[in-house]
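Analysis of the macromolecular model
Here are the chains, one letter per residue:
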Amino acid sequence: EHAQLKDIISHAKEYGFVYPSSEIYDGLQAVYDYGAYGVELKNNLKRLWWETMTRVSDNIVGIDAAIFMHPTTWKASGHVDSFNDPMIDNKDSKKRYRADVLVEEHAATFERAGDIEKANSLTGALARLLEAEDLAGVRDLITNEGIKCPISGTSNWTDVRQFNLMFSTQVGSVAEDASTIYLRPETAQGIFVNFLNVQKTARMKVPFGIAQIGKAFRNEIVARQFIFRMREFEQMEMQFFVRPGTELDWYQKWADTRMRWHLALGTPAAKLRKHDHEKLAHYANAAMDIEFEFPFGFKEVEGIHSRTDFDLKSHQEYSKKKQQYFDPEINQNYIPYVIETSIGADRLFLLTLCNAYTEESSEEKSRTYLKFHPAIAPVKAAILPLTKKDGLPEKAQEIVDLLKYDFNIIYEDAASIGKRYARQDLIGTPFCIAVDHQTLEDNTVTIRHRDTTEQERVAISELHGRITEATSF
Ligand code: ATP
């Protein structure tokens, strides 16, 4: 694991952001739980996304569809037949890997060493083999390159086989006619099957969008990049339905809009890039990723896909229910085309954590802090009475009561004020508000700012306005 990622993982665990799932039983691979500050941060990210989509954008409404769906959904979407990853097993360690990821990681070592040509020729060869579904070729590539298992250190590999990524379970009692259903591998299909319900009941006119946040499940094999790739994760997806022929304009527009959103959240432009897909999925006529430079390199955080009418048309075929929209402006019936923006809430969380994690050291002192945009910081302000006596705790509590209905506030009276500042830095609280003896006299407090550590004196009556301003997005 990359050194900085290691620091971030242990910071996340130690300060209440992310723990391995069921840790007392040694965890469950690629599954994680969010702690007290983690859940606040994640909720803030989800809320910002939701508000941007459903409130700030024109013509987008939300839904919350079930995780279980009729099994035919996944026939129609193509997931039963083609949602596969090529897997390979090492015969010595008995460990299973994604064959494509093994090659990509191997190529990345050349890229890091400056041999871009070799890296490109490897990824190019891989892309051609996958395109041709030549699994034996992928295995040959792995053995010819001498790619070794990270655990056993040998290159004693099995054949490459396709594994479906969907988790399945049974509805009904097993003894009766149980039928196999899947945990949804993406939230998008819940939107497609509800397209006409929403269009009619919310009285939407094309172009319009439907947004959804929810859990998705994939039986992923790679599990070494913390919450980057999980087996249970959350997606934030928006499907935008447009008139056929206008989709590529909307595709550009959404790609730009989403990029601006990331920049507004404080992600530096230099750490973001767009990456056009060379190889398009069966449903797309244009696709790109927004990539972020994680400690382990530039990787996808969000996908923007022009999905044509593939999904709705396919659901129309399988369900025998018309999925058409009557467009009153041009007096025509058609199946709309779809632009999708799809981002993982957990992956955005990891991006946010990587961006925020700051280690500062100067001659006088060194400190670690999380430099969150105040709009997404888990705790907005900590109210800290200087001492536990002379009525300071009571005064501090009054300030808590003044703010707690609108902001997530912490009260803390243990330890020295310096230690308490340091502790708030570690969870990324933008404002520490110290209550001292002068507060009792003139109703002013000291605000200590997280990023600059500068302090200023302000009236209690100004606090609410100050925090509101800083936390608006
Ligand atoms: P990848 O190539 O990384 O597997 P993908 O292209 O399969 O991703 P999509 O199916 O387009 O991803 O999913 C959209 C978004 O959902 C991704 O951009 C990512 O943010 C998120 N996502 C997908 N799979 C996972 C996962 N296993 N864990 C966490 N987030 C995920």
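Refer to the preceding data block for the structure.
Residues numbered from 1 in each chain as written. Predicted model: local features only at pLDDT ≥ 70, side-chain atom pairs only at ≥ 80, totals over all residues.

**Some points on the packing of helix α13 (residues 392-403) against helix α16 (residues 460-471)**
The contact between α13 and α16 brings their axes to 10 Å, and the two run at 40 degrees. Our pair here, α13 against α16, has a crossing hand that is right-handed. Residues Ile 399, Leu 402 and Leu 403 of α13 touch α16, and the partners they reach there are Ile 460, Leu 463, His 464 and Ile 467. Classifying every residue of the contact of α13 with α16 gives six nonpolar, one polar and no charged. (Axes fitted to C-alpha atoms, helices over the stretch in contact; angles between N-to-C directions. Helix = DSSP H or I, 4+ residues; strand = E, 2+ residues; numbered from the N terminus. Left-handed = near helix turned anticlockwise from the far one by under 90°. Contact = placed C-beta atoms within 7 Å. Nonpolar A, V, L, I, M, F, W, Y, C, P; charged D, E, K, R; others polar.)

**Some thoughts on the site of the ligand**
In the region of the ligand, 16 residues are neighbours, and Phe 233, Gly 303, Ser 342, Gly 344 and Arg 347 sit closest. Broken down by secondary-structure element, the contributors of at least two residues to the shell around the ligand are β10 (232-242), β13 (297-308), β16 (337-344) and α12 (345-356). Counting residues per element, the shell around the ligand draws most heavily on β13, at four residues. Counted by class, the shell around the ligand contains four nonpolar, four polar and eight charged residues. (Near = placed C-beta within 6 Å.)

**With respect to the sheet that holds strand β23 (residues 455-459)**
Two pairing modes exist for strands in a sheet, parallel and antiparallel, and in both the strands are linked by backbone hydrogen bonds. With respect to topology, five strands assemble into an open sheet ordered β20-β19-β21-β22-β23, the strand pairing being mixed. Looking along the sheet, the strands with just one partner apiece sit at the ends: β20 (409-411) and β23. Here the strands of the sheet are splayed against their neighbours by 25 degrees on average, with no regard to which way each runs. In this structure, strand β19 (residues 381-385) lies alongside β20, joined through three bridges in parallel fashion. By the bridge assignment for β20, Ala 381 is matched with Ile 409. Against the sheet, α13 touches β19, β20 and β21 (431-435), its axis set at about 160 degrees to β19. α16 contacts β19, β21, β22 (444-449) and β23 of the sheet and is inclined by roughly 110 degrees relative to β23. (Pairing = 2+ DSSP bridges.)

**Remarks on the environment of Phe 208**
Summarising the element assignment, Phe 208 is placed in strand β9 (residues 208-217). The buried category is assigned to Phe 208, around which 21 C-beta atoms lie within 10 Å. Along the backbone, Phe 208 and Gln 239 are 31 residues apart, and their C-alpha atoms lie at a distance of 8.5 Å. Setting aside chain neighbours within four positions, we find Phe 208 in contact with Asn 59, Ile 60 and Phe 241. (Buried ≥ 20, exposed ≤ 12 C-beta atoms within 10 Å, placed from the backbone.)

**Quick word on the pairing of β10**
Counting buried positions along β10 yields 10 of 11 residues, so the element is predominantly enclosed. Pairing of β9 with β10 involves 10 bridges; the strand directions are antiparallel. Bridged to Ile 213 within β10 is Met 236. Where β10 lies against β16, eight bridges are found, and the strand directions are antiparallel. Bridging from a neighbouring strand, Phe 241 pairs with Val 338 of β16.

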